[in-house]
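The chain contents come next:
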Amino acid sequence: MRPAPIRPEPLPARSPVNIHNEWDPLEEIIVGSLEGMVIPPWEPGLAGPMYEPHFPLFKTQGGKPWPAELARKAEQELEGLARVLEAEGVKVRRPAKVDWSKNFSSPDWSSPSGLGAANPRDSLLVIGNEIIETPMAWRSRYFETLAFKPLLKEYWAAGAGWISAPRPQLHDDLYAKDFVQPKKGELGKFVLNDHEPIFDAADVIKCGRDIFMGLSSTCNHAGVEWLRRYLRDRHGDTYRVHELLFDDQHPMHIDATFYPLAPGKLLVHPERVVKVPEIFKDWDVFRAPEPHIPDEHPLYFSSKWMNLNVLMIDEKRVIATQGEERTLELLKKKGFEPIPIPFWNFNNFGGSFHCATLDIRRQGSLQSYF
Ligand code: NVA
């Protein structure tokens, strides 16, 4: 007897995943989790984007739990974000529990532990109705999407696209040896070379048909080229992938540097963006004001510029940090309706509202904004 042909279920008219920009009305989002997050173990990729005062911590305490009180305060703020999103009518999903303290290895290297699932924006890139698992730069993050597999399977079963970019080898040869971080004005110096495509999803920001990627110590030119070719093969000329270069001494992720918040409105870092691409000539481009975050926050993974890392619920409503008065004022002046939430304690663990979340579905369709 010949096997019966496989008859896939007809896909629903509307995918459970639909993201074209940062601002269409938000319907569903993943909020990360700090549960079981550990201190990242030292590895060559950290020498580019991380901050030197924390190197000894990563070198001596990697794989161990974070100070409990710091983690507890951050967790509280993250839960607060989830509650506010729900109160605004957004469906909130959470990662599965993973034991991040376990070690793992490839034939080329071993990692004493994973990291965590606090920042879903990094390992998964959503474009249209498809989710792409990204080829991340750090070995400790190699298995980070495990926390999202139950959700990925659910979205796929309901009709979303799901693919993984080529799994990177992350061999020692990918990273500069004895890397010295760039000085101000020294653009284009990164810990990664172009031996294979590498990018974190947070190196990408979406603006309809135009997709912007910032070269960084977690995103190389080969990574940009991989995404460009992948989208071209799949969608023809639909997308234009723009490669950007910033003046950042710890380059990692675009979303505290260059952020199209709504049609015609681009928020930029006051020093890192040396040249705004010509394509934005008719947009209102505004520079973020100095942040207010007090110096006692250790900010283990980032600069103090987390005031830029907001989250749009729609073209007007924006989740921004309570206490960042200058930023809140600017956002109001530009016609937004900020919803301030305390988040400085979460900022210690790798970013702010945009990093801590991953948009899954927004209303709206693919447009060109230029
Ligand atoms: N590398 C950026 C973080 C982006 C969320 C910064 O430290 O400002």
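This section reports on the structure supplied with the text. Residue numbering note: each chain is counted from 1, following its sequence as written. Reporting in this predicted model follows two pLDDT cut-offs: at least 70 for local features of residues, and 80 or more for side-chain atom pairs to be given and counted; totals over whole chains, interfaces and linings ignore these cut-offs and use all residues. Note: side-chain values were computed over all heavy atoms of the structure, leaving out hydrogens and water.

1. Observations concerning the packing of aromatic side chains
Reasoning step 1: Each Phe, Tyr or Trp ring, with Trp reduced to its six-membered ring, pairs with another whose centre is within 6.5 Å; inter-plane angles below 30 degrees give stacked pairs, above 60 give edge-to-face pairs, and intermediate values give tilted ones. This model, assessed by the stated rule, comprises 23 aromatic pairs.
Reasoning step 2: Taken together, a centroid distance of 5.7 Å and an interplanar angle of 70 degrees make the contact between Trp109 and Tyr142 edge-to-face. Of this pair, Trp109 sits in the loop between β3 (104-105) and β4 (110-111) while Tyr142 sits in the loop between β6 (130-133) and α3 (149-157), and the two are 33 residues apart along the sequence.
Reasoning step 3: Residues Phe343 and Phe353 carry aromatic rings whose centres are separated by 4.2 Å and whose planes lie at 20 degrees to one another, so their mutual orientation is stacked. Of this pair, Phe343 sits in the loop between β16 (337-341) and α6 (344-347) while Phe353 sits in the loop between α6 and β17 (357-362), placing them 10 residues apart in sequence.
Reasoning step 4: What makes Phe353 buried here is its relative accessible area of 0%. A run of H or I in DSSP becomes a helix once it reaches four residues, and a run of E becomes a strand once it reaches two; helices and strands are each numbered from the N terminus. Burial classes: relative accessible area under 20% of the type maximum marks a residue as buried, over 50% as exposed, and values in between as partly exposed (1.4 Å probe, protein chains only).

2. Things to note about the site of the ligand
Reasoning step 1: A single heavy atom is enough: if one lies within 4 Å of a molecule or strand, its residue is considered near that molecule or strand. Around the ligand lies a shell formed by Tyr51, Met252, His253, Asp255, Ala256, Arg272, Ser302, Ser303, Met306, Asn309 and Cys355.
Reasoning step 2: At 2.6 Å from a nitrogen atom of the ligand is found a main-chain nitrogen or oxygen belonging to Met252.
Reasoning step 3: Burial of the ligand by the surrounding chains reaches 96%, relative to a free accessible area of 270 Å².
Reasoning step 4: Partitioning the shell around the ligand into residue classes produces five nonpolar, four polar and two charged. The term polar contact refers here to a pair of N or O atoms within 3.5 Å; inside protein, the definition further demands a hydrogen-donor-capable atom paired with an acceptor-capable atom, and it admits residues adjacent in sequence only when both atoms are side-chain atoms. For accessible areas, the Shrake-Rupley method is used with a probe of radius 1.4 Å. Any residue's cover is judged against the shown protein chains and nothing else. In this count, Pro and Cys sit with the nonpolar residues alongside Ala, Val, Leu, Ile, Met, Phe, Trp and Tyr, while Asp, Glu, Lys and Arg are called charged and the others, Gly among them, polar.

3. Looking at a nonpolar patch on the surface
Reasoning step 1: Two joining distances apply to patches: 9 Å for like charges and 5 Å for nonpolar side chains (Val, Leu, Ile, Met, Phe, Trp, Tyr), and every residue must have over 30% relative accessible area and no salt bridge. In the sections that follow, a salt bridge refers to a side-chain nitrogen of Lys or Arg positioned within 4 Å of a carboxyl oxygen of Asp or Glu. Together, Leu187, Leu245 and Val274 line one region of the surface with nonpolar side chains, adding up to about 240 Å² of accessible area.
Reasoning step 2: With respect to the secondary-structure elements, Leu245 resides in the loop between β10 (240-244) and β11 (258-262).

Without other data, these values stay purely geometric and don't point to any function.
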